[in-house]
Amino acid sequence: MVVTIHTGSPFLAAFVVISTVVVAGRLLLVRAYQAARAQDRVSSAAEKWEKRYRNGAWIHASTVGGFALATFLISDHAVDHLVTIAQVCGYTSGVSARNAGRRTIATGQLVLILTPVIVGAALMAEPMYWALALLILLYMAAALEIVRYHHANNLRLLLLNDEKSALAVELALQNERFDVALSNMSHALCMVDAEKRFVVANDRFCEMFSLHPDHVHGTHIRDIVQRASDLLTGSIREAEEITAHFEERLNSRKPSSSILHLADGRIVSLSQQPISGGGNVVIMEDVTERQTSEERVAHMATHDALTDLPNRILFRTRLNEHLAGGVNDGKTVAVLMLDLDRFKAVNDGFGHPAGDELLRQVALRLRGAIGEHDTVARLGGDEFVILAAQTTRPAILEFSARLIECLSEPYELDGQTVEVGASMGAAFAPDDGLVPEDLLKKADLALYQAKADGRGALRCFLPRMNETLQARIRLEHDLRLAMERQEFVLHYQPQVDLLTGRIAGVEALLRWEHPIRGCVSPADFIPLAEETGIIIPLGAWVLRQACRDAATWPGDVPVAANLSPVQFRGNDLVPTVMDALAASGLAPGRLELEITESTLLVNTQTTMEALHRLREFGIRVAMDDFGIGYSSLAYLRSFPFDKIKIDRSFVTEIDTSEDCAAIIRAVAGLGHSLGVVTTAEGVETSEQHDLVVSEGCTQMQGYYFSPPRPLPEIVAMLQAQTAAEQLAA
């Protein structure tokens, strides 16, 4: 105040006002603290009060230090400087003694007050002031040492005199924090001692098993099971059995986890961890929703969406199991391919909904006709396959006759009576082979013969049916020549962002333009290329050409190329991809590789290693045709796919089948949870477009936006998009 009056500086006066306000604020803080302490509200907010006190002390110290520095900068009078230094030293000596118990606060105050004084003295550019700055610096060092010394002594005194009290306070605080943490856990947690008595149980545990908290602590696990028996005995009939089950796990002294099915339908995940002293910590989580969702998606992955029959992958799995188990003497494993006669007429005449209903009714009749250990699956369209295990040829002939008669009975479709028939082809193991693919092919050849012979009958495979195979051999010959004659071309189909309408990617689709056969369907030559290994050089050409083409079009739109499971054999895939990128100059982030779920079922370790290496280079990986294969959720968890492409079979029926809509909704929700793009394939109508948008898909692909196009046309589309974006910008 004296210096302010002497200098008459309004700037210094402002510091005085600020300092006064800060002091008043600190006094109010002290009063608030005392009031809170009187109401016993301090212990739960000690850190908050400490922080407020510390901030107030440092702010006040800053104003004092700032005032001192301003005095040196504003006034040339040595008296003002000496008075300021005296005031500062007097104040800081009090700080050293008064706040030594709070070393951080005291240290901050000393530094904030004395450092500006040292700087101010040094700025005077006179030897006397420099000496004075040095003395103040030494004084600050001594004051800091005094604070450290007093703080250390205070700590020692506290430890010596109040150790028991401090430990009690700390224990109480830790208990309080522990209780808060337990009470706010989303998981149920309990702790049992070596005697199997509950010593800790949080609110979620009591809520999960409808137990009163007062009835848990100190209670033996046997009594807890008895009290929660209404919930628990739905999964294990007797409470004693449940108790024995739990005690066995606790006595094992090994970490373990299991799934508990409650009587009310809930599913609980249980993890147990032993602790020192003979007790155990058990954590439980209600995983009903997650488990149900995973089971639903897993079921959808192995079953046909329309009929709920097993799909092709599940059928092959069961066929493999039966063949691996061996065929008993005098018995056979029969594979029966079945196709409906006149189904197309019903589908075209009565509409797709009627056709779907017919397929559902056929599926019901097939389920009722097969044996307990047999399997019937839908392969697609109106094609079904039956696996009859440990049977005989005469039994199959009799069964087939009854089945054809059963399927030929009239059907009621929305008030209309329709009739269809069925044709069947059979192959038998071991007579016709023990390889699943061979049996399926031969049953298919027999079915083809049954249709050629007039339908409505069963034909068993005969060697002469191999004439069809000769046609495949000729196709293979032409396929090999096609590589040399450069008969393959790539067309490109856009993938559209459903939010912006922008082309977000382009898929490269292989086309074979044969000089005599014309345009050969990929469905005819791709499986053959995979069987013969031609897919290896053909796939490498597709990668090179797709990268080369994508490098020429405008913008940064990525290109997607399909990979065959065969390409993952050996160690050539990653170098092939990298060579294609290097030769074209395309950025790795613009290449997306699509794999089907069946790829992950073949040589899993090698496949995963290759996928991880590709992704490390920045290449994106998409799961193609999701929903028609195995769709193991374990693979979705073990590899971070960038995209899930929902198979077109679900999109085709989305506007007529609630099941398909539910499947798409579930997969889209799964993709959203995993942070993965979901692309709906085969969108051909505005209704399908609107529905995939409403179900949560992020991208679409299909004729509704554009068919696959030659390179010049896709380049023109991308140029138009780029021009429109530049114009909008």
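In this text the structure is predicted, and so the values were computed from the model without any measurement.

### A closer look at the overall build of the protein chain
Secondary structure summary: the protein chain contains 26 helices and 21 strands in total. By the burial criterion, 44% of the 729 residues in the protein chain qualify as buried. When the accessible surface of the protein chain is split by element, carbon and sulfur atoms take 56% of a total near 36600 Å².

### So, a nonpolar patch on the surface
Where nonpolar side chains cluster on the molecular surface, the patch consists of Leu-73, Ile-74, Val-119 and Leu-123 and spans about 360 Å² of accessible area. For the nonpolar patch, the secondary structure elements donating two or more residues are α3 (46-74) and α5 (103-123). Tracing the sequence through the fold places Ile-74 in helix α3. A relative accessible area of 38% means that Ile-74 is categorised as partly exposed.

### Brief notes about the sheet that holds strand β12 (residues 458-460)
One open sheet holds the 5 strands; their spatial order is β7-β8-β6-β11-β12, and the pairing between them is mixed. Bordering the open sheet on either side are β7 (375-380) and β12, each of which pairs with just one other strand. Taken over all neighbouring pairs, the strand axes of this sheet differ in orientation by 20° on average, direction set aside. One ladder, built from 7 bridges, connects strand β6 (residues 332-341) with strand β8 (residues 383-391); its direction is antiparallel. The residue bridging Leu-336 from the neighbouring strand is Ile-386, located in β8. Strands β6, β7, β8 and β11 (421-429) of the sheet are contacted by helix α12 (residues 312-324), whose axis makes an angle of about 15° with β8. Strand contacts of helix α14 (residues 352-369): β6, β7 and β8, with the helix running at about 5° to β8, the strand carrying the most contacts.

### Details of the environment of Gln-109
Mapped onto the elements of the fold, Gln-109 is located in helix α5. For Gln-109, a relative accessible area of 1% corresponds to the buried category.

### Description of the nonpolar core
Membership of the largest hydrophobic core comes to 78 residues, with the highest contact counts inside it found for Tyr-492, Trp-553, Val-559, Val-577 and Leu-591. Counting residues per element, this core draws most heavily on helix α24 (residues 658-674), which supplies 8 residues. With residues up to four places along the chain from it excluded, the contact list for Val-577 reads Leu-543, Leu-591, Leu-593, Leu-614 and Ile-619.

### Re the pairing of strand β20 (residues 677-681)
Along β20, 4 of the 5 residues are buried, which leaves the element largely enclosed by surrounding structure. Strand direction decides the pairing type here: strand β19 (residues 643-646) and β20, joined by 4 bridges, are parallel. When the sheet's bridge partners are listed, Ile-646 is paired in β20 with Ala-680. In this sheet, strand β21 (residues 699-701) lies alongside β20 in parallel orientation, the contact comprising 3 bridges. By the bridge assignment, Thr-679 is partnered in β21 with Gln-699. Note that the unit made of β20, helix α25 (residues 686-694) and β21 has a crossover that is right-handed.

### Quick notes on the pattern of salt bridges
As enumerated under the stated definition, the model contains 22 salt bridges in all. For Asp-431, the salt bridge is made with Arg-393, and the minimal N-O distance between the two is 3.6 Å. Taken together, the residues span a long stretch of sequence, with Asp-431 in the loop between β11 and α16 (436-452) and Arg-393 in helix α15 (residues 393-407) at a distance of 38 residues. When its relative accessible area of 58% is taken as the criterion, Asp-431 is described as exposed.

### Re the sheet that holds strand β1 (residues 188-192)
Overall, antiparallel pairing links the 5 strands, which are arranged β2-β1-β5-β4-β3 in an open sheet. The two strands at the open ends of the sheet, each matched to only one other strand, are β2 (198-201) and β3 (256-261). Between one strand axis and the next, the sheet turns through 20° on average, direction left out of account. In this structure, β1 lies alongside β2, joined through 3 bridges in antiparallel fashion. Paired with Cys-190 across the strands is Ala-201, a residue of β2.

### Focus on the packing of aromatic side chains
A full pass over the atoms with the stated rule returns 6 aromatic pairs. Judged by centre distance (5.5 Å) and plane angle (40°), the rings of Phe-198 and Phe-205 are tilted. Under the relative-accessibility criterion, Phe-198 is labelled buried at 4%. Aromatic side chains Phe-488 and Phe-525 sit 5.8 Å apart centroid to centroid with 50° between the ring planes, which places their arrangement in the tilted category. Taken together, the residues span a long stretch of sequence, with Phe-488 in strand β13 (residues 488-497) and Phe-525 in helix α18 (residues 522-532) at a distance of 37 residues. Among the residues examined, Phe-488 registers a relative accessible area of 6% and is labelled buried.

### Points about α18
When α18 is considered as a whole, its buried residues turn out to be Phe-525, Leu-528 and Ala-529. Looking straight down α18, one finds its buried side chains confined to an arc of 105°; they lie on one side. Positive phi shows up at Gly-533, right after α18, with a value of about 85°.

### Some points on the side chain of Arg-204
Structurally, Arg-204 is set in helix α7 (residues 203-208). Of the residues examined, Arg-204 reaches a relative accessible area of 18% and is grouped as buried. Residues contacting Arg-204, with those up to four places away along its chain left out, are Met-185, Ser-186, His-187, Ala-188 and Asp-286.

### So, the pairing of β3
Here β3 pairs with strand β4 (residues 267-274) via 6 bridges, running antiparallel. Following the sheet pairing, His-261 is matched in β4 by Ile-267. Counting the residues that bridge the hairpin from β3 to β4 gives 5 residues, and of these Gly-265 lies at a positive phi of roughly 100°.

### Topic: unusual backbone geometry
With an omega dihedral of 10°, the bond running from Ala-429 to Pro-430 counts as a cis peptide bond. Within the secondary structure, Pro-430 sits in the loop between β11 and α16. Its identity is not glycine, yet Lys-196 carries a phi of approximately 65°, on the positive side. Structurally, Lys-196 can be placed in the loop between β1 and β2. With a relative accessible area of 13%, Lys-196 lands in the buried category. Positioned with a positive phi, Asp-625 is a non-glycine residue whose angle comes to about 55°. Looking at the secondary structure, you find Asp-625 in strand β18 (residues 620-626).

### Some thoughts on the environment of Val-192
Note on placement: Val-192 falls in strand β1. Judged by its relative accessible area of 4%, Val-192 is buried. A sequence separation of 82 residues divides Val-192 from Pro-274, and the C-alpha atoms of the two residues are 9.6 Å apart. When sequence neighbours within four positions are dropped, the list of residues in contact with Val-192 reads Arg-197, Phe-198, Val-199, Leu-250, Gly-279 and Asn-280.

### Digging into the side chain of Lys-645
When you line up the elements, Lys-645 lands in strand β19. A polar side-chain atom of Lys-645 sits 2.8 Å from a polar atom in the side chain of Glu-594. With residues up to four places along the chain from it excluded, the contact list for Lys-645 reads Gln-495, Glu-507, Glu-594, Met-623, Asp-624, Asp-625, Phe-626, Thr-679, Glu-681 and Gln-701.

Parameters at a glance
Residues numbered from 1 in each chain as written. Predicted model: local features only at pLDDT ≥ 70, side-chain atom pairs only at ≥ 80, totals over all residues. Heavy atoms only, no water. Helix = DSSP H or I, 4+ residues; strand = E, 2+ residues; numbered from the N terminus. Buried < 20%, exposed > 50% of the residue type's maximum accessible area, 1.4 Å probe, protein only. Areas by Shrake-Rupley, 256 points an atom, 1.4 Å probe, with all protein chains shown as cover. Patch = residues over 30% accessible without salt bridge, like charges linked within 9 Å, V, L, I, M, F, W, Y side chains within 5 Å. Salt bridge = Lys/Arg side-chain N within 4 Å of Asp/Glu carboxyl O. Pairing = 2+ DSSP bridges. Axes fitted to C-alpha atoms, helices over the stretch in contact; angles between N-to-C directions. Contact = heavy atoms within 4.5 Å. Core = buried A, V, L, I, M, F, W, Y, C linked by side-chain atoms within 4.5 Å. Right-handed = clockwise from strand over helix to strand, strands pointing away. Phe/Tyr/Trp six-rings, centres within 6.5 Å; stacked < 30°, edge-to-face > 60°. Arc of directions from axis to C-beta. Polar contact = N/O pair within 3.5 Å; in protein donor to acceptor, adjacent residues only side chain to side chain.

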